[in-house]
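# Breakdown of the fold
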Amino acid sequence: MRQFTAIVNPAAGGSAGVAVLLQVARLLREAGAELHTEYSRSLPHAQELAREAGARRRVVLAVGGDGIVGGIGGALSGTGTLFGLVPAGRGNDFARALGLPTEPDALARVLLDHAPRSVDTIEVESALGRSVALGSVYAGVDALANRHANHSTLLKGAASYYAGGLRAVATWRPAAYRVTVDGEELTHRGYTVVAANSAYYGSGRIIAPDARVDDGLLDVVMIREAPRRLFFTLMNELKSGAHVHRREVRIVRGSEVRIEADRSIPYGTDGEVDAVLPVTARVLPGALAVLC
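Described below are features of the structure shown in this document. These figures come from a predicted structure and were not determined experimentally. (Residues numbered from 1 in each chain as written. Predicted model: local features only at pLDDT ≥ 70, side-chain atom pairs only at ≥ 80, totals over all residues. Heavy atoms only, no water.)

Right, let's get into the packing of aromatic side chains. All chains considered together, the criterion is met by two aromatic pairs. Here Tyr138 and Tyr201 contribute two aromatic rings whose centre-to-centre distance is 5.5 Å and whose plane-to-plane angle is 80°, an arrangement assigned as edge-to-face. Residue Tyr138 is located in strand β7 (residues 136-140), and its partner Tyr201 is located in strand β10 (residues 200-201); the two are separated by 63 residues in the primary sequence. Tyr201 shares its class with Tyr138; the two are buried. The interplanar angle of 15° and the centroid separation of 3.9 Å between the aromatic rings of Tyr191 and Phe231 together place this pair among those described as stacked. (Phe/Tyr/Trp six-rings, centres within 6.5 Å; stacked < 30°, edge-to-face > 60°. Helix = DSSP H or I, 4+ residues; strand = E, 2+ residues; numbered from the N terminus. Buried < 20%, exposed > 50% of the residue type's maximum accessible area, 1.4 Å probe, protein only.)

Structural data, given as structure tokens:
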């Protein structure tokens, strides 16, 4: 029977996470599994707790949204530790990409009975150093929107991302990017560049419909300069992925992507925005074992 360590960050929406975890934990224990809960002080502390639990051959559960999922999953990348998700955040985009159920009983069955799946992770290098992400690296107006959403106190979930997007687009000036994909340099002027391991970002928006978490490639989505009215239309089309058919959208694929720009542009990973370009993202194939 599997032994679990669940990690919750009370300072980052942890009350919602605890509520979801209590339901799942009861089902796991009723089935005979052992579960221990750790409360972290910060994301680095959560990563430290995850590594320690993994070293004891426990299954590590990230309880919360994409920030803690990406942080803990990144810390466990390449270690062989079994990783599980208890989605309880605003976006839950990586859980969505994995097809995880939201009902506690179905999620408990996945954690108890399903074999692990090897998925790719993303090594991220910038002036801040090296880290590992799960879903995507995005640089532009979407990163700025994400920053606004993270600081929103009135709106939650998809509404906070949409409001953040409106605020970001209203003040955005198209940037001149240099994007190098597997050694091929591309020029791009516009709103954003996204190196996507997962199809989803921004609370369920389908930025890269053909992206797969286990194909060893990143889908690089570039949205070119366009009138603001059209860009708002593109934002709405992200709900279905229909934006990819617009001539303003270009998609290429590769295993290593470097993104640079003509000014200080923010970039984000897995819902966290705390750095600026340039950044390099490269795939780590099959580096994480996930219960899904």
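From this point, the narrative continues.
This part takes up unusual backbone geometry. For the bond running from Leu277 to Pro278, omega is 10°, close enough to zero to count as cis. One can find Pro278 in the loop between β16 (272-276) and β17 (279-291). The phi dihedral of Asp182 is positive, around 50°, even though this residue is not glycine. Structurally, the position occupied by Asp182 is in the loop between β8 (175-181) and β9 (184-196). By relative accessible area, which is 45% here, Asp182 ends up partly exposed. Not every positive phi belongs to a glycine, and Ser203 is a case in point at roughly 65°. Within the element layout of this structure, Ser203 appears in the loop between β10 and β11 (205-206). The class of Ser203 is buried, set by a relative accessible area of 14%.

Moving on to helix α2 (residues 43-55). Helix length check: α2, at 13 residues, gives a terminal C-alpha distance of 18 Å against a target of 18 Å (1.5 Å per residue), a fit within 8%. Of all the positions in α2, only His45, Ala46, Leu49, Ala50, Ala53 and Gly54 are classed as buried. Contacts made by the buried residues of α2 are with β1 (3-8), β2 (34-39), β3 (59-64) and α3 (66-76). One or two steps after α2, the chain reaches Arg57, where phi turns positive at roughly 65°. (Expected span 1.5 Å × (residues − 1). Contact = heavy atoms within 4.5 Å.)

With that settled, the discussion passes to the pattern of salt bridges. For the structure on display, the rule yields 16 salt bridges. Each member of the salt-bridge network shares a partner with another, and the members are Glu123, Glu125, Arg130, Glu256 and Arg282. (Salt bridge = Lys/Arg side-chain N within 4 Å of Asp/Glu carboxyl O.)

Among the secondary structure elements, His188 is positioned in strand β9. Polar side-chain contacts of His188 include one of 3.2 Å to the backbone oxygen of Thr192. At 3.3 Å, the side chain of His188 forms a polar contact with the backbone oxygen of Ile223. When residues no more than four places from it in sequence are discounted, the contact partners of His188 are Ala175, Ala176, Tyr177, Val193, Met222, Ile223 and Arg224. (Polar contact = N/O pair within 3.5 Å; in protein donor to acceptor, adjacent residues only side chain to side chain.)

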